Amino acid sequence: MRAGDLILELYEEQAYETYEKDDESPVTSADFAANRLIVDGLAALTPDIPVLSEEGSHLAFEERRKWPRYWMIDPIDGTQEFIARSGDFGVIIALVEYNQPVLGVIYWPAGDVLYTAQRGQGAFRRDVHGIQRIQVRRLADPLNDVLHLAISRRQPRERVLQRMTSDRELQLVPAGSCSLKACMIAEGRADCFLRVGPTGEWDTAAAEVIVGEAGGRIVSESFTPLTYNQEANLGNPNFIILGDPEVPWQHVFTHHRNAD
């Protein structure tokens, strides 16, 4: 939340610089400032637990693969939304133990909403009205009810829609960053989301705990589990965030049966 306050101050004053990473994705001085604040805070809180950040320098796989536990952070998830001034960006912090996320925090600065979950302890939303437990939406008819599909404002919709069955009615719910779409599913405001394109493990670690504790799950487009710190490359495959477990999701998302 302290990082979110800092980000929001820079956002509202437009007091930041924008740069381009090697992969041509944008990054801002606000990302770096929030990163420093979070890394310093975690170092003070848990000096023996290393930190892996999207905006940090990544240690060699041979060194980090031995970590039994580590923090994984994305200081601003949705930098494009930050630059576009939509307000749809978040702060992500996750704790990973033995290659499994066990604690997840996602903060939405513009709305002052905090989503938290600990493995086995449930998922929660904290806002001005207090703290409430959240869960995915349960459909009255999981086989036929209209599905609310969270979808990006920035990416071509056809990339997602062409990977879905044509015999299920969809209602599109435009939203910003990946993490906030995950929270929408965790609290029942959307039912599913398919991410096509490059992301990092920091984009999903906290969301996996929050969505999982709310009754949903995150899987690859091939319906296999995501992995953490098990490969030199920290990139994710295309992934799907799913709500109601009674929905036959493998029939909704057809791409796993058809190669590109």
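Residues numbered from 1 in each chain as written. Predicted model: local features only at pLDDT ≥ 70, side-chain atom pairs only at ≥ 80, totals over all residues. Heavy atoms only, no water.

## Here's the deal with the packing of helix α1 (residues 2-13) against helix α2 (residues 29-45)
Then, number 1: Running from N to C, α1 and α2 cross one another at 160°; their axes reach a closest spacing of 9 Å. The angle between α1 and α2 falls in the class roughly antiparallel. Relative to α2, the crossing made by α1 is right-handed. The segment α1 lies against α2, with Arg-2, Ala-3, Leu-6, Ile-7 and Leu-10 engaging Ala-30, Ala-33, Ala-34, Leu-37 and Ile-38. (Axes fitted to C-alpha atoms, helices over the stretch in contact; angles between N-to-C directions. Helix = DSSP H or I, 4+ residues; strand = E, 2+ residues; numbered from the N terminus. Parallel < 35°, antiparallel > 145°, perpendicular 65-115°, else oblique. Left-handed = near helix turned anticlockwise from the far one by under 90°. Contact = heavy atoms within 4.5 Å.)

## Comments concerning the pattern of salt bridges
Then, number 1: Going through the model one piece at a time under the given rule, you end up with 11 salt bridges.
Then, number 2: Here Lys-21 makes a salt bridge to Glu-54, at a shortest N to O gap of 3.0 Å. Taken as a pair, Lys-21 in the loop between β1 (18-20) and β2 (26-28) and Glu-54 in the loop between β3 (51-53) and α3 (61-64) lie far apart in primary sequence, 33 residues in all.
Then, number 3: Where Arg-153 meets Asp-88, a salt bridge forms, and the shortest distance between an N and an O atom there is 2.3 Å. One end of the pair, Arg-153, is in the loop between β10 (147-152) and α5 (158-161); the other, Asp-88, is in the loop between α4 (79-84) and β5 (90-97), with 65 residues separating them in the sequence.
Then, number 4: Judged by its relative accessible area of 42%, Arg-153 falls in the partly exposed class.
Then, number 5: One network of salt bridges, with partners in common, ties together Arg-125, Asp-127, Glu-187 and Arg-189. (Salt bridge = Lys/Arg side-chain N within 4 Å of Asp/Glu carboxyl O. Buried < 20%, exposed > 50% of the residue type's maximum accessible area, 1.4 Å probe, protein only.)

## What about the environment of Arg-157?
Then, number 1: Mapped onto the secondary structure, Arg-157 falls in the loop between β10 and α5.
Then, number 2: Each C-alpha atom, one on Arg-157 and one on Leu-172, is 9.7 Å from the other, the two residues being 15 residues apart in sequence.
Then, number 3: With residues near it in sequence (within four places) discarded, Arg-157 still touches Ile-151, Ser-152, Leu-172 and Pro-174.

## Structural notes on the sheet that holds strand β8 (residues 123-127)
Then, number 1: In spatial order, the strands read β3-β4-β5-β6-β7-β8-β9; together these 7 strands make up an open sheet with mixed pairing. Here the strands that pair on one side only, and so sit at the sheet edges, are β3 and β9 (130-133). Between one strand axis and the next, the sheet turns by 20° as a mean value, whatever way the strands run.
Then, number 2: Here 4 bridges tie β8 to β9, and the two strands are oriented antiparallel to one another. If you follow Phe-124 over to β9, its bridge partner there is Arg-133.
Then, number 3: Where α1 meets the sheet, its contacts fall on β4 (69-77), β5 and β6 (100-108), and the angle it forms with β5 comes to roughly 150°.
Then, number 4: Each of β3, β4 and β5 is contacted by α2, which is oriented at about 155° to β4, the strand it contacts most. (Pairing = 2+ DSSP bridges.)

## Section: a negative patch on the surface
Then, number 1: Taken together, the side chains of Asp-5, Glu-9, Glu-12, Glu-13 and Asp-112 define an acidic patch exposed on the protein surface.
Then, number 2: With respect to the secondary-structure elements, Glu-12 resides in helix α1. (Patch = residues over 30% accessible without salt bridge, like charges linked within 9 Å, V, L, I, M, F, W, Y side chains within 5 Å. Areas by Shrake-Rupley, 256 points an atom, 1.4 Å probe, with all protein chains shown as cover. Lys, Arg positive; Asp, Glu negative; His and termini not counted. Charge placed at Lys NZ, Arg CZ, Asp CG, Glu CD.)

## A closer look at the confidence of the model for the chain
Then, number 1: For the chain, the mean per-residue pLDDT works out to 92, and 98% of the residues sit at or above 70.
Then, number 2: A low-confidence stretch, residues 256-260 (pLDDT under 50), is modelled with 8 contacts involving residues beyond four sequence positions or located in other chains. (pLDDT = per-residue confidence, 0-100.)

## Focus: α1
Then, number 1: With 12 residues, α1 ought to run about 16 Å at 1.5 Å a step, and its terminal C-alpha atoms sit 17 Å apart, in line with that.
Then, number 2: Of all the residues in α1, the buried ones are Ala-3, Gly-4, Ile-7, Leu-8, Leu-10 and Tyr-11. All buried residues of α1 lie within an arc of 165° about the axis, which places them on one face of the element. Within α1, the exposed residues directed more than 90 degrees away from the buried face are Arg-2, Glu-12 and Glu-13.
Then, number 3: Buried residues belonging to α1 abut α2, β4, α4, β5 and β6.
Then, number 4: Of the residues flanking the end of α1, it is Gln-14, one or two places downstream, whose phi is positive at about 50°. (Expected span 1.5 Å × (residues − 1). Arc of directions from axis to C-beta.)

## A word on the state of the cysteines
Cysteine pairs can be covalently joined through their sulfur atoms, and such a bond is termed a disulfide.
Then, number 1: This structure, assessed with the given rule, holds 0 disulfides.
Then, number 2: Distance from the sulfur of Cys-183, which forms no disulfide, to the nearest cysteine sulfur (Cys-178) is 11 Å.
Then, number 3: The thiol of Cys-192 is unpaired, and the distance to the nearest cysteine sulfur, on Cys-178, comes to 14 Å. (Disulfide = S-S within 2.5 Å.)

## Details of helix α6 (residues 178-186)
Then, number 1: Here α6 lies mainly inside the structure; 9 of its 9 residues are buried.
Then, number 2: Of the residues making up α6, those classed as buried are Cys-178, Ser-179, Leu-180, Lys-181, Ala-182, Cys-183, Met-184, Ile-185 and Ala-186.
Then, number 3: Backbone geometry just downstream of α6 places Gly-188 in the positive-phi region, at approximately 85°.

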